Amino acid sequence: MSDNQKKLQELLQQLALGQGPIKPREIPEEPKKEMKDYKFWNTQPVPALDTEISEEGPIDSKKTPDDIPDEPLPMLGDFEWCEIDIQKENELEDLFVLLNENYVEDKDSSFRFNYTKEFFNWALKSPGWRKDWHVGVRVKKTNKLIAFISAIPVNLRVRSNEFKSVEINFLCIHKQLRAKRLTPVLIKEITRRVNKCNIWQALYTSGTILPSPVSTPRYAHRPINWSKLYDVGFTGCPIDKTKADMLAYYAVPSVTKTAGLRAMELRDVDATLVLFNKYQSRFDMVQNFTKEEFQHWFLGNDEIHKVVFSYVVENEEGEITDFFSFYSLPFTILENAIHKDLGIGYLFYYASNADFEYTDRFDKEGTTALRKRLDSLMSDAVVLARSHKMDVFNALTSQENSLFLEDLKFGPGDGFLNFYLFNYKTMPITDGLTEDKRFDTEKRSNVGVVML
Ligand SMILES: CC(C)(COP(=O)(O)OP(=O)(O)OC[C@H]1O[C@@H](n2cnc3c(N)ncnc32)[C@H](O)[C@@H]1OP(=O)(O)O)[C@@H](O)C(=O)NCCC(=O)NCCS
């Protein structure tokens, strides 16, 4: 394997895509930090690790926006706060450079996330977005952007409680400024800005363990273009198999098979949202979308192309019976003679009425009907992902995904994603995994929210 291949493989592993091909691997346990060692997090309104929660709800609910300082937190000497105006080409460029060069640990930047303007217009400019929630830190003298954190507003439901919240994402600190306790400053500052708007809860995810995960689904990936993944070192060939065997095993049909499947259009929004809300009601943690948000996240707009792909199934009576979506976040490969990029698709939200006639989500017949339908829809999603030049398709074990992952040749990845709620305690939410971290087709997951 060449150095480049090794690097890409490391990078993909860090991105939690795993390297398959199919058998679950031993997961090294992260050394466990004790609560007293979380010098920052043990000052924050989050449940301590391993505490049993008996009552759900906000941890600190006494403050009002008037109790929150008007001024930003003091910033260390050589640095200053800034807002990133992603409408401005040069500021967007600063954000690309920071994230592309520092979001993952590839020392020579030989492989990069191919973040695009469209991607940020989609991810950071959802309805209700605020420029002052796109927070950066610059070096005073040079104006270089060295850190970023963002929030977008969302409405969350956790079991039967609905509340306003934000989603925190794209936290990044320049590699040379790591381990200097800048993260707590960024988190406190975004919290201050959000609290000023009378929002007191946040949803965020991380590969690392912090106090305290609400749920920890596992990544799974489905090779689409196996030979390319092999060429760039993403996947190996098992000793007892030939390349031809692997190509045959991962072959993707050339056409979709679900009757009535077509791209989602503006005219579908109302009906699809009704179907979606009904479907989502089965989960314990979901984002409730307004119509405007639904349209943004699934159809995009003139500034958002080739980022999110949404499809519906319309039956002969003209009803929307199913819906699915996925998004694209490719890599650029800088130093490979053959391949310049790697297309990566991520399963986003979906819904189906296949089990609506059963009131119990775990009814055996209902589950069989849903599994059959999801197998068909998701295998079409893979076909469509390939048509959009995606080389691998990723999903978590959240939602009802565990029902179809194995059927559709998704392999368990090396990565797990911890979901956290800030200033909200809740009992654990199922993650779609059995005790030995395999796909759990029985209990499935109660996480119904997808974070980018
Ligand atoms: C994640 C990142 C910002 C952490 O920076 P760092 O320089 O290692 O950490 P700092 O010295 O600034 O701060 C350390 C504190 O931040 C916490 N922390 C680290 N990563 C965190 C995360 N992803 N979310 C929340 N808190 C985090 C640590 O637990 C520690 O607090 P503690 O004493 O209570 O344990 C940095 O490693 C980075 O930019 N990584 C690449 C991008 C990335 O992975 N972003 C996170 C996506 S979830």
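What you are looking at is a predicted structure, and each value in this text was computed from that prediction instead of being measured.

Another aspect to go through is the pairing of strand β5 (residues 145-158). With 13 of its 14 residues buried, β5 lies for the most part within the structure. Across five bridges, strand β4 (residues 134-139) lies against β5 in antiparallel orientation. Within β5, the residue paired with His 134 across the bridge is Ser 150. Two successive antiparallel strands, β4 and β5, enclose a turn made up of five residues, where Asn 143 displays a positive phi of approximately 70 degrees. The sheet contact formed by β5 and strand β6 (residues 161-173) spans 11 bridges and is antiparallel. Its bridge partner lying in β6, Ile 152 is registered against Glu 167. The hairpin turn running from β5 into β6, its antiparallel successor, is two residues long, and Arg 159 in that turn takes a positive phi close to 50 degrees. In this structure, β5 lies alongside strand β10 (residues 285-288), joined through four bridges in antiparallel fashion.

Another aspect to go through is the confidence of the model for the chain. Put simply, the chain has an average pLDDT of 91, and 91% of its residues get 70 or more. Every residue in residues 13-28 scores below 50 in pLDDT, and together they form 47 contacts with partners more than four places removed in sequence or on other chains.

Put simply, helix α2 (residues 89-102) and helix α3 (residues 117-124) touch, their axes get as near as 11 Å, and they point 90 degrees apart. Classified by the interaxial angle, the pair formed by α2 and α3 is roughly perpendicular. Every residue of α3 that contacts α2 at Glu 89, Leu 92, Leu 95, Phe 96 and Leu 99 is listed here: Lys 117, Phe 120 and Leu 124. Looking at the contact of α2 with α3 residue by residue, the class counts come to six nonpolar, no polar and two charged.

A few words now on the sheet that holds strand β11 (residues 308-314). In any sheet, the strands associate via hydrogen bonds between backbone groups, in a parallel or an antiparallel arrangement. With mixed pairing, seven strands are arranged side by side in an open sheet as β9-β11-β12-β15-β16-β8-β17. In this open sheet, the two edge strands, each paired with only one partner strand, are β9 (261-263) and β17 (411-416). Each adjacent strand pair in this sheet contributes to an overall mean axis angle of 30 degrees, direction not counted. As defined by bridge partners, strand β8 (residues 218-223) adjoins strand β16 (residues 392-396) across five bridges and the pair is classed as antiparallel. Its bridge partner being in β16, Ala 220 is matched across the sheet by Ala 395.

Right, let's get into unusual backbone geometry. Omega for the bond connecting Pro 211 with Ser 212 falls within 30 degrees of zero, at -15 degrees, which places this linkage in the cis form. Here Ser 212 shows up in the loop between β7 (202-206) and β8. The phi dihedral of Gln 399 falls on the positive side, at around 50 degrees, and the residue is not glycine. Along the chain, the position of Gln 399 falls in the loop between β16 and β17. Of the residues examined, Gln 399 reaches a relative accessible area of 3% and is grouped as buried.

So, about the site of the ligand. Close to the ligand lie 22 residues, the nearest being Lys 33, Ile 173, Ala 179, Arg 181 and Thr 183. Ala 179 places a polar main-chain atom, nitrogen or oxygen, 2.6 Å from an oxygen atom of the ligand. Look at the ligand: alone it shows 860 Å² of surface, and the protein chains cover 81% of it. Those elements that place two or more of their residues in the shell around the ligand are β6, α4 (182-196) and β7. When residues of the shell around the ligand are assigned to their parent elements, the largest contribution, four residues, is made by α4. Here the residues of the shell around the ligand sort into 12 nonpolar, four polar and six charged.

A few words on the domain arrangement of the chain. Segmentation of the chain into domains returns domain 1 (3-28 + 217-419) and domain 2 (35-206). The centre of domain 1, based on its C-alpha atoms, is set 27 Å off from the matching centre of domain 2. Across the boundary between the two partners, domain 1 contributes 37 residues, which contact 33 residues of domain 2. A combined buried area of about 3,300 Å² lies between domain 1 and domain 2, and 61% of that area is made up of carbon and sulfur atoms. The largest contributions to the domain 1 side of the interface with domain 2 come from Asp 284, Trp 297 and Leu 329, which together make up 16% of the buried area. Inspection of the domain 1/domain 2 interface yields one salt bridge.

Mapped onto the elements, Val 135 comes out in strand β4. Along the primary structure Val 135 and Ile 149 are separated by 14 residues, whereas in three dimensions their C-alpha atoms are 5.4 Å apart. Setting aside residues no more than four positions away along its own chain, Val 135 makes contact with Trp 81, Cys 82, Ala 147, Phe 148, Ile 149, Glu 189, Ile 190 and Arg 193.

All right, on to the packing of aromatic side chains then. Counted by the stated rule, this structure contains 45 aromatic pairs. Measuring from centroid to centroid gives 6.5 Å for Phe 119 and Phe 170, while their planes differ by 85 degrees, and the two rings are edge-to-face. Taken as a pair, Phe 119 in helix α3 and Phe 170 in strand β6 lie far apart in primary sequence, 51 residues in all. In this arrangement the basic side chain of Lys 33 is found over the ring face of Tyr 38, its NZ or CZ atom lying 4.5 Å from the centre.

This part takes up the side chain of Gln 44. Mapping Gln 44 onto the fold places it in the loop between α1 (3-14) and β1 (57-58). A polar side-chain atom of Gln 44 sits 3.1 Å from a polar atom in the side chain of Thr 43.

Conventions used here
In this convention, every chain numbers its residues from 1, walking through the sequence in written order. Local features are withheld for residues below a pLDDT of 70 in this predicted model, meaning they are given only at 70 or higher, and side-chain atom pairs are given and counted only at 80 or more; totals for whole chains, interfaces and linings count all residues. Only hydrogens and water are set aside when side-chain values are computed; all heavy atoms of the structure are taken into account. Each residue gets one of three labels from its accessible area relative to the maximum for its type: buried under 20%, exposed over 50%, partly exposed in between, using a 1.4 Å probe on protein chains only. Only DSSP runs of H or I covering at least 4 residues are called helices, and only runs of E covering at least 2 are called strands; the numbering of each starts at the N terminus. For two strands to be treated as a pair, DSSP must find at least two bridges joining them. Each residue gets a pLDDT score, which is the predictor's confidence in that residue and runs from 0 to 100. Contacts were defined at the residue level, with two residues in contact if any of their heavy atoms lie within 4.5 Å. Where helices are involved, their axes are fitted lines through C-alpha atoms of the stretch in contact, as for all axes, and angles between N-to-C directions lie from 0 to 180°. Each angle gets one of four labels, with under 35 degrees taken as roughly parallel, over 145 as roughly antiparallel, 65 to 115 as roughly perpendicular, and the rest as oblique. Each residue is assigned to one class: nonpolar for Ala, Val, Leu, Ile, Met, Phe, Trp, Tyr, Cys and Pro, charged for Asp, Glu, Lys and Arg, and polar for all the others, Gly among them. The nearness test applies per residue and asks whether one of its heavy atoms lies within 4 Å of the molecule or strand. N or O atoms within 3.5 Å of each other form a polar contact, as long as, within protein, one can give a hydrogen and the other can take it, and as long as residues adjacent in sequence are counted only when both atoms are side-chain atoms. For the area figures, the Shrake-Rupley method with a 1.4 Å probe applies, and any residue is considered shielded solely by the protein chains shown. Domain segmentation is taken from an automatic or database assignment of domains. Summed over both partners, buried area is the accessible surface (1.4 Å probe) that two parts give up on being assembled. In the sections that follow, a salt bridge refers to a side-chain nitrogen of Lys or Arg positioned within 4 Å of a carboxyl oxygen of Asp or Glu. Any Phe, Tyr or Trp ring, taking Trp's six-membered ring, that has another such ring centre within 6.5 Å forms a pair; planes under 30 degrees apart are called stacked, those over 60 apart edge-to-face, and the others tilted. Only lysine NZ and arginine CZ atoms are considered, and such an atom sits over a ring when it is within 6 Å of the ring centre and within 35 degrees of the ring normal.

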